Amino acid sequence: MLFRSPKRPDCPYPFKELSGCGVGFKLLQAFALRNDIPFELLVPYLDLVAVSIASDIVPITGENRILAHFGLKRLNSDPRQGLKSIIDISGIKGKEIFISDIVFRLGPRINAAGRIEKGKTAVDLLVAENLTEADTISRQINEDNNTRKDIDRAITQEAMALIAGSDEMLKRKTTVLYNPNWAKGVVGIVASRLIEIYYRPTIVLTESNGLVTGSARSVEGFDLYKAIESCSHLLESFGGHIYAAGLSLKKENLAAFIEEFEKNVADTITPIQQIPQIAVDLKLNLADINPKFYRILKQFEPFGPENMTPVFVSENVCEKNTGKLVGKECEHLKFDLSKENDLGKPFPAIGFKMAHFFNLINDNKPFDICYSLEEDEFNGSKKLQIKIRDIKAGHFDKK
C-alpha cells in the first residue's frame, strides 16, 4: 500500500489540510478497508483526532470538519482515560466540550509536558489504560502547565520591559528579542503575547545546542515565512508557514539578521496589516438574540480556522449599572447591557482582559460592541452570554 503525505505535490489525496494525527487516522482507515476490519473499531480513536485538529490550528473545513464533529461527540460521550482525566482537572467536567475548550484548556496542558519536562509524559497520559494512572499523570501535567504559565508570564514581562526601554525598538516594524536564558519551550507563546500588545511580526530567541534558536509569529495577512526565507543566507535552519515559524542561526549572525529581517518586513508590510482588525459578519439588534437564533448558529459548529465563530456588532447599547472587574488580577470585565432606552431583560456580557474599558462603559453614555455569542454554564444551568471582542464609544466605522 503506497502512502504519502497529502501535502506532497505528488499526493493525489483530495483534502490537503489534515493534522498529523488525521493523517495517521486515515492510514488506519485505509488499512482497515484493505483488511476488512470494521470501521467501528476505529471510532475510539476519534477523540485523539479532535484534540489534534484543534491543537494544531488546522482549517476546520472539509474532512477536518467531519472528523472534528464526530471526534467531539466521542470526546463528550466516552473519552479515553487520559483525556477524561485532563478534562476533569481542566475544570470542564460535566460540561459540553467545544473546539475552544481543546485550544485553551486541554491542548496547553498536554503541550506543557514537553515544554517543561518531557513530551513522553503526554504520550503516557494519552495511552493510560486506567484512571488512577491517568489521574497521577494529569496532575503532573497540570503542575507543568502552571509552571509554564509562570515562566511565560515572567519572560513576557522581561520582553515588554526591553521594548519599552528602547526608543529604537518602539519605532520598528518588527520585534526580535534574544536572551540566552529564556526557556525554549515557551518562546513561541511569548511571541504571540507580544503581538497582542505591539501587533507586528515578532521573533523571540534563546540559546540551545550552541545556536540562537526560537519561534516567530505573524500578524493577519503578512507572510512571515517569506520574510524569514529572504534572510535564509544568515540562518542555519528554518521552517514553518505564513503565520508561524521556527529558526536557528549562529550568534555572530544575529545582529545582521535582525536588521535584514526588519528591512524586509518594513519594505513589504502594508499599512492595513499593521492595524489589529476583527472581521464582522453582521450588524445585529440585541432584541434579535434569543435561544432559537443561537440554536441556528450552533448548526455551523464546530468552529475554528476558516469556519470561525460568527462575530456581530450592536450599536447604542448601555451598561445596566452592574459593571465589575473579575478574575485573579481583576483583568476581566463583567456587566449586563441592553439597547439604549430598552427596559427589557438585560443581556449578561463578559470581556476577557478588557478591564481598561471599565470607565468607558460606566460613563452613562451608549457605546457600540463587537462580540460573539456563547452559552455560560454554571451549576448545570445554561444561559446565553455576550462575549465582548471590542468596545467603542460612539459608532464603529461603517465601511
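Our subject is the structure that appears above.
As a convention, each chain's residues are numbered from 1 in the sequence order in which they are written. With the structure being a predicted model, the display of local features is reserved for residues of pLDDT at least 70 and the display and counting of side-chain atom pairs for 80 or more, all residues being used for whole-chain, interface and lining totals. Heavy atoms throughout the structure, all of them, feed into the side-chain values; hydrogens and water do not.

Novice: Looking at this structure, I do not really get the overall build of the protein chain. What am I missing?
Specialist: Per the secondary structure count, the protein chain includes 13 helices and 12 strands. Against the 2.2 N^0.38 benchmark of 21 Å for 399 residues, the protein chain shows a C-alpha radius of gyration of 23 Å, consistent with a compact globule. Summarising its shape, the C-alpha atoms of the protein chain cover approximately 65 × 60 × 45 Å along the three principal directions. Looking at the protein chain as a whole, 42% of its 399 residues qualify as buried. Positive charges come from Lys and Arg alone, negative charges from Asp and Glu alone, with His and the N- and C-terminal ends not counted. In plain terms, the charge of a residue is placed at NZ if it is Lys, CZ if Arg, CG if Asp and CD if Glu. Of the side-chain charges in the protein chain, 52 are positive and 53 negative, and the distance between the mean point of each set is 2 Å. Here a helix means four or more residues in a row that DSSP labels H or I, a strand means two or more in a row labelled E, and each is numbered from the N terminus. We compute the radius of gyration over the C-alpha atoms and compare it with the globule rule, which gives 2.2 Å times the number of residues raised to the power 0.38. Under the scheme applied here, a residue whose accessible area is under 20% of the maximum for its type counts as buried, over 50% as exposed, and between as partly exposed, the area being computed with a 1.4 Å probe on protein chains only.

Novice: Sorry, what's going on with a nonpolar patch on the surface here?
Specialist: Taken together, the side chains of Phe31, Ile37 and Leu41 define a hydrophobic patch exposed on the protein surface, amounting to about 280 Å² of accessible area. Mapped onto the elements of the fold, Phe31 is located in helix H1 (residues 20–34). Look at Phe31 and you get partly exposed, because its relative accessible area is 45%. Patches here: salt-bridge-free residues with over 30% relative accessible area, like charges joined within 9 Å, nonpolar side chains (Val, Leu, Ile, Met, Phe, Trp, Tyr) joined within 5 Å. Accessibility throughout is a Shrake-Rupley quantity obtained with a 1.4 Å probe, and a residue counts as covered only by protein chains that appear here. Salt bridge, as used here: a side-chain nitrogen of Lys or Arg that lies within 4 Å of a carboxyl oxygen of Asp or Glu.

Novice: Is there a simple way to explain helix H11 (residues 254–268) in this structure?
Specialist: Residues separated by three or four positions in an α-helix point in the same direction, a consequence of the helix having 3.6 residues per turn. Expected helix span is given by 1.5 Å per residue-to-residue step, counting one fewer step than there are residues. Over its 15 residues, H11 extends 21 Å from the first C-alpha to the last, a length consistent with the 21 Å expected when each residue adds 1.5 Å. Those residues of H11 that fall on the buried side of the exposure criterion are Leu254, Phe257, Ile258, Phe261, Glu262, Asn264 and Val265. The buried residues of H11 occupy an angular sector of 165 degrees when the element is viewed end-on, so they sit on one face. Turned more than 90 degrees off the buried face of H11, the exposed positions are Ala255, Lys263 and Asp267. Directions drawn from the helix axis to the C-beta atoms are what define this arc.

Novice: What should I look at first to understand H1 in this one?
Specialist: For H1, spanning 15 residues, the distance from its first C-alpha to its last is 21 Å, which sits close to the expected 21 Å at 1.5 Å a residue. Contacts were defined at the residue level, with two residues in contact if any of their heavy atoms lie within 4.5 Å. The inward-facing, buried residues of H1 contact helix H2 (46–55) and helix H3 (62–77). Residue Asp36 follows H1 closely and has a positive phi angle near 55 degrees.

Novice: So what exactly am I meant to see when it comes to the packing of aromatic side chains here?
Specialist: Here a ring pair, both rings aromatic, is described through the centre-centre distance and the interplanar angle of the planes. Aromatic pairing here means that ring centres of Phe, Tyr or Trp (its six-membered ring) are within 6.5 Å. Orientation follows from the plane angle: under 30 degrees is stacked, over 60 is edge-to-face, and everything else is tilted. This structure, assessed with the given rule, holds 5 aromatic pairs. Between Phe25 and Phe39, the aromatic rings sit 6.3 Å apart at their centres with planes inclined by 90 degrees, giving edge-to-face as the arrangement. Remark: Phe39 occurs in the loop between H1 and H2 and Phe25 occurs in helix H1; sequence separation between them is 14 residues. Relative accessible area serves as the criterion here: at 3%, Phe25 is assigned to the buried category. Taking relative accessible area as the criterion, Phe39 reaches 37% and is therefore assigned partly exposed. Ring centres of Phe257 and Phe261 lie 5.7 Å apart, and the angle between their planes is 15 degrees; on these two criteria the pair is classed as stacked.

Novice: Any chance you could explain the environment of Asn111 here in plain terms?
Specialist: Summarising the element assignment, Asn111 is placed in helix H5 (residues 99–116). Taking the relative accessible area as the measure of exposure, Asn111 reaches 37% and is therefore partly exposed. Distance in space between the C-alpha atoms of Asn111 and Gly185 is 9.4 Å, their sequence separation being 74 residues.

Novice: I tried to follow the environment of Thr175 on my own but got confused; where do I start?
Specialist: Residue placement: Thr175 occurs in strand E1 (residues 175–178). The class of Thr175 is buried, set by a relative accessible area of 3%. When the C-alpha positions of Thr175 and Cys21 are compared, they lie 33 Å apart, and in sequence the two are 154 residues distant. If sequence neighbours within four positions are ignored, Thr175 has contacts with Ile163, Leu194, Arg200, Pro201, Thr202 and Ile203.

Novice: Which parts of the structure should I look at to understand the packing of helix H7 (residues 131–164) against helix H9 (residues 187–198)?
Specialist: Packed helix pairs are specified by the crossing angle of their axes together with the interaxial distance, meaning the distance between the axes. Angles run from 0 to 180 degrees between N-to-C directions of axes, and those axes are lines fitted to C-alpha atoms, restricted for helices to the stretch in contact. Remark: H7 packs on H9, axes separated minimally by 9 Å, with the N-to-C direction vectors making an angle of 45 degrees. Relative to H9, the element H7 is oriented oblique. Like other packed secondary-structure pairs, H7 and H9 cross with a definite hand, here right-handed. Of the residues in H9, those touching H7 at Arg148, Asp152, Ile155, Thr156, Ala159, Met160, Ile163 and Ala164 are Ile189, Val190, Arg193, Leu194, Ile197 and Tyr198. When residue character is reported, Ala, Val, Leu, Ile, Met, Phe, Trp, Tyr, Cys and Pro are called nonpolar, Asp, Glu, Lys and Arg charged, and the others, Gly included, polar. Residues belonging to the contact of H7 with H9 are distributed by class as follows: 10 nonpolar, 1 polar and 3 charged. Orientation categories follow fixed angle ranges, with anything under 35 degrees roughly parallel, anything over 145 roughly antiparallel, 65 to 115 roughly perpendicular, and all other angles oblique. In this scheme the crossing of two helices becomes right-handed for a clockwise turn of the near helix relative to the far one and left-handed for an anticlockwise turn of less than a right angle.

Novice: How do you make sense of the nonpolar core when you look at a structure like this?
Specialist: If you look at soluble globular proteins, the nonpolar side chains tend to sit buried side by side. Within the largest apolar cluster, 33 residues are counted, with the highest numbers of intra-cluster contacts made by Ile53, Leu67, Leu75, Ile102, Leu106 and Ile141. Secondary-structure elements contributing two or more residues to this core are H1, H2, H3, helix H4 (81–89), H5, helix H6 (120–127) and H7. If we skip the residues at most four places from it in the chain, Leu67 touches Leu18, Phe25, Leu46, Val49 and Ile53. Only buried residues count toward a nonpolar core, which is a set of Ala, Val, Leu, Ile, Met, Phe, Trp, Tyr and Cys residues joined through side-chain atoms within 4.5 Å.

Novice: Teacher, can you tell me more about the side chain of Arg109 here?
Specialist: Summarising the element assignment, Arg109 is placed in helix H5. Despite its burial, Arg109 remains without a salt bridge, the nearest opposite charge being carried by Asp101 at 9.3 Å. Setting aside residues up to four positions removed in sequence, Arg109 forms contacts with Ile86, Ile89, Ser90, Ile141, Asn142 and Asn145.

Novice: Explain unusual backbone geometry to me, please; I cannot follow it from the model alone.
Specialist: Comment: phi is negative for the bulk of residues other than glycine, and the bulk of peptide bonds are trans. Going from Glu301 to Pro302, the amide bond is cis rather than trans, its omega being 0 degrees. With respect to the helices and strands, the residue Pro302 is situated in the loop between helix H12 (291–298) and strand E7 (312–319). For Asn209, which is not glycine, the phi torsion reads 55 degrees and is therefore positive. Within the secondary structure, Asn209 is located in the loop between strand E2 (202–208) and strand E3 (211–217). Given the relative accessible area of 78%, Asn209 is considered exposed. For Lys353, which is not a glycine, the phi torsion comes out positive at approximately 55 degrees. When you line up the elements, Lys353 lands in the loop between strand E10 (347–351) and helix H13 (358–361). Overall, Lys353 belongs to the exposed group, its relative accessible area being 54%.

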